Amino acid sequence: MQRIGVFVCHCGTNIASTVDVRVVAENLKSEPGVVFSAEYQYMCSEAGQKLIIDAIKEHNLGGIVVCSCSPRMHEATFRKTAAAAGLNPYMVEIANIREQCSWIHKDKITATQKAIVLGRAAIAKVNLNAPLKAGETPVTKRALVIGGGIAGIQTALDIAEAGFPVDIVEKNPTIGGKMTQIDKTFPTLDCAACILTPKMVDCAQNENIKIYSYSEVDAVTGFVGNFTVRIRRKARYVKEDICTGCGLCTEKCPQKKVPDEFNLGLSNRRAIYIPFAQAVPKVATIDPDYCTMLKSGKCGVCSKVCGVKAIDYTQKDEFVEEKYGAIVVATGFNPISVDKYDEFSYSKSADVVTSLEYERLMNAAGPTSGTLLRPSDLTHPKTIVFVQCVGSRCNDERGKSYCSKICCMYTAKHAMLTREKYPDTDVYVFYIDVRTPGKGFDEFYRRAVEEYGVHYIKGMVGKVIPHADGKLEVQAADLIANEQIIVNADMVVLAAAIEPDKSARSIGTMLTASMDTNDFFTEAHPKLRPVESPTAGIFLSGACQGPKDIPETVAQASAAAAKVIGVLAKNTLKGNPCVAHSDEQMCNGCSQCEKVCPYGAITYVEKEYRNFDRTTIVRRVAQVNEAVCQGCGACTVTCPSGAMDLKGFSTKQIMAEVDAICK
């Protein structure tokens, strides 16, 4: 039996206000194997850790139990403390008496009794613990960034500046993301393209950055330090290494009626196109859904006019396989579809647009060359109504329950720019609440009201009715005046909620990364590890984790890059010793564990065994690659013969905890 020490933390009043810490320490002193028990105000503090180190040395402890907060918070801290005292760090157990006890109980007697039970279970497990040693694996000094928006660009630039090679995989023909579609940025109202374009060019010119545009991640295997990624490079039907981006092919293409995704369908493009003037890489792409040559074999105009012979109608999708030490997810966001909000007549009137469509109408490179015109008749609108929270903070299945965070600010920006450029235009904003928590944000919103005369009305729009004369009758409520009002508008702009890009779920599955119910990626810890995924080696950048504005996105992108650099700077990484192992004598070769392993860590081999009668038999048994195994335990619960077990979390240890709780 182990010589065990128990250390109970007050955690200020987090634990002590609900749990009688002294009683817990006294009760656990009598448990089998316990030779020392103590309490302290803050066990994670320097003085608290010294108390643990001194006790380990003085009492020759073989294992310790720390009754404190969640192991996600301080398990690594106490393991390092144990190691500093000469104790194997995996002889440490955490009894979570904060999140699982004090924070969820109000009655002190009940909470104290439960804390004793949790401590007793941890002691029972430590008695069966065995010292473990972490293995080491080499690190591939190359990073992958999935997504080429401002988050992916900033992450890649920071990693490259540290001297490490990095690849950007972008599903669109050019990097840049949503920021390329924006006219001005809040709260400074500076040009989005002027900020973004130099960074795009820096990416293209940096010798440590390779851009896989018009490409997608097809498969991911491996583990932190040693990921293998298969990238599908979609056929452009244009040779990237030859195309000069002159644009002659796009001018001569006879197929002119293709909806332009960059302008959100507000204008048309050709079947062969360069998305926008500052595209990186500036290479033409043929749309196979509209190209006459690819569909019927008739045309070929672009090939005839191309002076460098870059057109190749025979191109096929290609697959590239690369190895990476770390992966950053920067898949970005999209506005939700507002078609289901029939009350706003989005699908009935061309003059009801989303905020991103309004951005394109205001942009000098947009479909109207920056002149604000109504899409229906190309006349200047005199009255514009902005509707906030369309799909945000929504309590039905059409929208999202969360606040999209950026809408209040970009609506204020749109209102100010409209009034500044067209002073004769009346602008109304209907809102639930105005949320402006960023630096200089509230002052920005106040400018829209006080300097530019924007009419902010607290209340929701109930219905938008298009009339034959082109007017849009906006029926709304003014909650402050407590009256129903009607505004006859020329245009209505809907601030649509934002959601993760549609590719996020499939990428999250490939990376075995955690996601919430809204398909945003979940961080390892909301306070202490905000840019890390719970899956080691996977990092998060930008709006794939949640709604963010540009400054916050760039800050997180640099933070993710710093974490990646920390991984790539090491020659080897210590693995998790709490991995699965197979008892070959019990294994029946059924392959159930291999099928459920999400990391591909289990394989089967044929082995020769001797029978009792000295004959030999060949049996099929499971083997675990400990460098790949992440200790998730899926194989142990699936194995019908009980041959699979998990080091540090064996069936005997877990059952000992259950018995200790039940006694």
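Residues numbered from 1 in each chain as written. Predicted model: local features only at pLDDT ≥ 70, side-chain atom pairs only at ≥ 80, totals over all residues. Heavy atoms only, no water.

## Some thoughts on the overall build of the protein chain
The number of helices and strands found in the protein chain is 18 helices and 34 strands. Structurally, the protein chain occupies a C-alpha span of about 85 × 70 × 40 Å along its principal axes. Evaluated residue by residue, the protein chain yields a buried proportion of 52% over its 663 residues. Of the contacts formed within the protein chain by residues at least 6 apart in sequence, a portion of 68% connects residues at least 24 apart. For the protein chain, the exposed area adds up to about 29900 Å²; of that, 52% sits on carbon and sulfur atoms. (Helix = DSSP H or I, 4+ residues; strand = E, 2+ residues; numbered from the N terminus. Buried < 20%, exposed > 50% of the residue type's maximum accessible area, 1.4 Å probe, protein only. Contact = heavy atoms within 4.5 Å. Areas by Shrake-Rupley, 256 points an atom, 1.4 Å probe, with all protein chains shown as cover.)

## Thoughts on helix H11 (residues 355-362)
Burial of H11 is extensive: eight of the eight residues sit out of reach of the surface. Along H11, the residues that are buried comprise Ser355, Leu356, Glu357, Tyr358, Glu359, Arg360, Leu361 and Met362. Along its buried surface, H11 packs onto strand E8 (184-185), strand E19 (333-335), strand E20 (352-354), strand E21 (383-390), helix H12 (407-421) and strand E27 (491-496).

## What about the packing of aromatic side chains?
Per the stated rule, a full pass over the model turns up eight aromatic pairs. Centroid distance phenylalanine 186 to phenylalanine 441: 5.5 Å. Interplanar angle 80 degrees. Geometry classified as edge-to-face. Residue phenylalanine 186 is found in the loop between E8 and strand E9 (190-191), and its partner phenylalanine 441 is found in helix H13 (residues 441-450); the two are separated by 255 residues along the sequence. Summarising the burial analysis for this pair, phenylalanine 186 and phenylalanine 441 share the class buried. By way of ring pairs, the aromatic residues Tyr431, Tyr445 and Tyr456 are connected into one cluster. Seen from the ring of phenylalanine 333, lysine 178 lies directly overhead, with NZ or CZ sitting 5.8 Å from the centre. A cation over an aromatic ring shows up here: arginine 620 above the ring of tyrosine 604, its NZ or CZ 4.1 Å from the ring centre. (Phe/Tyr/Trp six-rings, centres within 6.5 Å; stacked < 30°, edge-to-face > 60°. Lys NZ or Arg CZ within 6 Å of the ring centre and 35° of its normal.)

## Some thoughts on the sheet that holds strand E1 (residues 4-9)
Reading across from one edge, E2-E1-E3-E4 is the order of the four strands in this open sheet, with parallel pairing throughout. The open sheet has two free edges, formed respectively by strand E2 (34-40) and strand E4 (92-96), since each of these has just one partner strand. Adjacent strand axes in the sheet meet at a mean angle of 15 degrees, parallel and antiparallel pairs treated alike. Both E1 and strand E3 (residues 63-68) contribute to a ladder of five bridges, which runs parallel. If you follow glycine 5 over to E3, its bridge partner there is isoleucine 64. On top of the sheet, helix H1 (residues 21-28) reaches E1, E2 and E3; it is set at about 175 degrees to E2, its chief contact. (Pairing = 2+ DSSP bridges. Axes fitted to C-alpha atoms, helices over the stretch in contact; angles between N-to-C directions.)

## Comments concerning H1
For H1, the set of buried residues is Val21, Val24, Ala25 and Leu28. What you see down the axis of H1 is that its buried residues fit within an arc of 95 degrees, all on one side. If you follow the buried residues of H1, they end up packed against E1, E2, E3 and helix H5 (108-126). (Arc of directions from axis to C-beta.)

## Things to note about the nonpolar core
Within the largest apolar cluster, 55 residues are counted, with the highest numbers of intra-cluster contacts made by Ile209, Val238 and Ile272. Broken down by element, the residue count for this core peaks at seven residues, all from helix H6 (residues 150-161). In this structure isoleucine 209 touches Ala156, Leu157, Ala160, Val166, Ile168 and Cys203, once residues within four positions along its chain are discounted. (Core = buried A, V, L, I, M, F, W, Y, C linked by side-chain atoms within 4.5 Å.)

## So, a nonpolar patch on the surface
A contiguous nonpolar patch, built from Phe649, Ile654, Met655 and Val658 and spanning about 320 Å² of accessible area, is present on the exposed surface. Along the polypeptide, phenylalanine 649 turns up in the loop between strand E34 (644-646) and helix H18 (651-662). The exposure class of phenylalanine 649 is partly exposed, given its relative accessible area of 38%. (Patch = residues over 30% accessible without salt bridge, like charges linked within 9 Å, V, L, I, M, F, W, Y side chains within 5 Å. Salt bridge = Lys/Arg side-chain N within 4 Å of Asp/Glu carboxyl O.)

## A short note on the sheet that holds strand E11 (residues 215-223)
Reading across the sheet, the three strands line up as E11-E12-E17 and stay open at both edges, with antiparallel pairing between neighbours. A strand with exactly one partner marks an edge of an open sheet, and here the two such strands are E11 and strand E17 (318-324). Between one strand axis and the next, the sheet turns by 20 degrees as a mean value, whatever way the strands run. Examined bridge by bridge, strand E12 (residues 226-233) and E17 share seven bridges and lie antiparallel to one another. Its bridge partner lying in E17, isoleucine 231 is registered against valine 320.

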